[in-house]
Amino acid sequence: MRMKAGVIRMDEMSAFLREIDRRRREYAGSADNPEKETEYECRQCRDTGFITRMDENGCEIACRCKCYEIRRSKERMRRSGISVEFQKKTFDSFTTKGNAQLANAKEKAVRYVEYFANKEHDRHNSIMFTGQAGSGKTHLGMAICMSLINSGVAVIYMAYRDAVTRIKQNLLDEVAYDRELNKYTSARVLYIDDLLKGRLTDTDVNIMYEIMNYRYMNNMPVIISTEKTTDELLMFDEAIGSRLIEMCRRNIIQLHGKELNYRLS
Ligand SMILES: [Zn+2]
């Protein structure tokens, strides 16, 4: 059952109350079976997300259990498509090793998260990390995603090459194609990892244009990591490149130089 935070429809509420009641009776019936209790992740609400209490008039009212937000955050993480391995890439686990370029990149990333709520719907609401493989750009992009998800913002992770391949497999099925594309156009925040990696066809360009143009027109933020420089992005396709650069203005972070190879050192 899904619902918006703070909005509970009456029919949903009564369904919840019935469910709480059912579980309470089930629990009472299993009092002599302590194993039963450990089946619930949250013993307080028995995984309903609600607890009941009496108000001052003696009426039973339902309130959110404190496990609810944690559960929502976990669910957002699951939906984001970010693997458990990538979930370890946080700001805390990013070490700058005394390198000024890395320190500056990290600072910009942290600041992006800090100001996200104020800038989400602005023209310049996005951030891009460019640089060679292993420079730490994916790590910082992920760290931004993790922070946003933990503060309640839904993020979708798009592994560029795989995602474009999957979209192309559905070219002949309009419904499946739209559904696949829609995942990336409609995401509140979209993280595109390794943008424009590999050989490109006209179809790849069209797909990326559709996604980027939609997000550009609707001021929807993107987080980008790419090995391409901004000049290369413009050369590859001016329409896409120029939109991206505009969306990421003041937040284009270039990580270049051998000493930055994060994986080797
Ligand atoms: Zn609970």
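In what follows, the structure referred to is the one given above.
Please read all numbers here as calculations on a predicted model, not as lab measurements.

> Could you clarify how one ought to interpret the coordination of the zinc ion in this entry?
In the first shell of the zinc ion, the protein supplies Cys42 (SG), Cys45 (SG), Cys65 (SG) and Cys67 (SG), at 2.2 to 2.3 Å from the metal. Metal-centred angles of 105 to 113° between the four donor atoms at the zinc ion mark the site as tetrahedral. Donor residues for the zinc ion sit on one chain with the sequence pattern C-x2-C-x19-C-x1-C. Of this pair, cysteine 45 sits in the loop between α1 (10–29) and β1 (50–54) while cysteine 67 is found in helix α2 (residues 67–80), placing the two residues 22 residues apart along the sequence. One exposure class covers both cysteine 45 and cysteine 67, and it is buried.

> For this particular structure, what's the right way to read the packing of aromatic side chains?
All told, the structure shown has three aromatic pairs when counted by the stated rule. Seen in terms of ring centroids, phenylalanine 86 and tyrosine 157 are 5.8 Å apart; in terms of plane orientation they differ by 75°. Their pairing is edge-to-face. Here phenylalanine 86, found in the loop between α2 and α3 (100–114), pairs with tyrosine 157, found in strand β4 (residues 155–159); they are 71 residues apart in sequence, far enough to count as distant. For phenylalanine 86, a relative accessible area of 21% gives the class partly exposed. Relative to tyrosine 191, the ring of tyrosine 157 lies with its centre 5.7 Å away and its plane at 50°, an arrangement referred to as tilted. In this pair, tyrosine 157 is assigned in strand β4 and tyrosine 191 in strand β5 (residues 189–193), connecting sequence segments 34 residues apart. Within the aromatic cluster, the residues linked to one another by ring pairs are Phe86, Tyr157 and Tyr191. It is arginine 123 that lies over the ring of tyrosine 216; its NZ or CZ is 3.9 Å from the centre. The positively charged end of arginine 243 is found above the aromatic ring belonging to tyrosine 216, 5.2 Å away from the centroid.

> Any chance you could explain helix α7 (residues 174–185) here in plain terms?
One turn of the α-helix equals 3.6 residues, which is why residues spaced by three or four share an orientation. The end-to-end C-alpha distance of α7 is 16 Å, a good match for the 16 Å that 12 residues give at a rise of 1.5 Å each. Among all positions in α7, only Ala176, Tyr177, Glu180, Leu181, Tyr184 and Thr185 are buried. In this structure, the buried side of α7 is in contact with β4, α6 (160–169), β5 and α8 (202–217).

> Would you mind showing me how to read the packing of α8 against helix α10 (residues 238–247) here?
Helix-helix packing: each pair is described by the crossing angle between the helix axes and the interaxial distance. One way to put it is that α8 packs onto α10 with a least axis distance of 10 Å and a crossing angle of 35°. Considering only the axes of α8 and α10, their crossing is left-handed. Residues Val205, Met208, Tyr209, Met212, Asn213, Arg215 and Tyr216 of α8 form the contact with α10, whose participating residues are Ala239, Ile240, Arg243, Leu244, Glu246 and Met247. Residues belonging to the contact of α8 with α10 are distributed by class as follows: nine nonpolar, one polar and three charged.

> What is the right way to read the sheet that holds β4 from this model?
The strand order across the open sheet built from five strands is β4-β5-β6-β3-β7, with neighbouring strands paired in parallel fashion. This sheet does not close on itself; its edge strands, each paired only once, are β4 and β7 (252–255). Each strand axis lies, on average, 10° off the axis of its neighbour in the sheet, ignoring direction. Examined bridge by bridge, strand β3 (residues 127–131) and β7 share four bridges and lie parallel to one another. Note on β7: the bridge partner recorded for threonine 130 is glutamine 254. Seen against the sheet, α8 touches β4, β5 and β6 (222–226) and runs at an angle of roughly 145° to β5.

> Where do I start with the packing of α6 against α8 in this structure?
Here α6 crosses α8 at 100°, and the two axes come no closer than 10 Å. Between α6 and α8, the angle falls in the class roughly perpendicular. Contact residues: α6 offers Tyr160, Arg161, Val164, Ile167 and Lys168, while α8 offers Thr203, Asp204, Ile207, Met208 and Ile211. Of the residues assigned to the contact of α6 with α8, the class counts are six nonpolar, one polar and three charged.

> So what exactly am I meant to see when it comes to unusual backbone geometry here?
As a rule of thumb, non-glycine residues mostly have phi less than zero, and peptide bonds are mostly trans rather than cis. Not every positive phi belongs to a glycine, and lysine 97 is a case in point at roughly 50°. Of note in this structure, aspartate 194 is not a glycine but carries a positive phi near 60°. Within the fold, aspartate 194 resides in the loop between β5 and α8. Judged by relative accessible area, aspartate 194 falls into the partly exposed class, the value being 22%.

The rules behind the values
- Residues numbered from 1 in each chain as written.
- Predicted model: local features only at pLDDT ≥ 70, side-chain atom pairs only at ≥ 80, totals over all residues.
- Heavy atoms only, no water.
- Donors = N, O, S within 2.8 Å, 3.2 Å for Na, K, Ca; no water.
- Tetrahedral: all angles 85-135°; square planar, octahedral: opposite > 155°, others 65-115°.
- Helix = DSSP H or I, 4+ residues; strand = E, 2+ residues; numbered from the N terminus.
- Buried < 20%, exposed > 50% of the residue type's maximum accessible area, 1.4 Å probe, protein only.
- Phe/Tyr/Trp six-rings, centres within 6.5 Å; stacked < 30°, edge-to-face > 60°.
- Lys NZ or Arg CZ within 6 Å of the ring centre and 35° of its normal.
- Expected span 1.5 Å × (residues − 1).
- Contact = heavy atoms within 4.5 Å.
- Axes fitted to C-alpha atoms, helices over the stretch in contact; angles between N-to-C directions.
- Left-handed = near helix turned anticlockwise from the far one by under 90°.
- Nonpolar A, V, L, I, M, F, W, Y, C, P; charged D, E, K, R; others polar.
- Pairing = 2+ DSSP bridges.
- Parallel < 35°, antiparallel > 145°, perpendicular 65-115°, else oblique.

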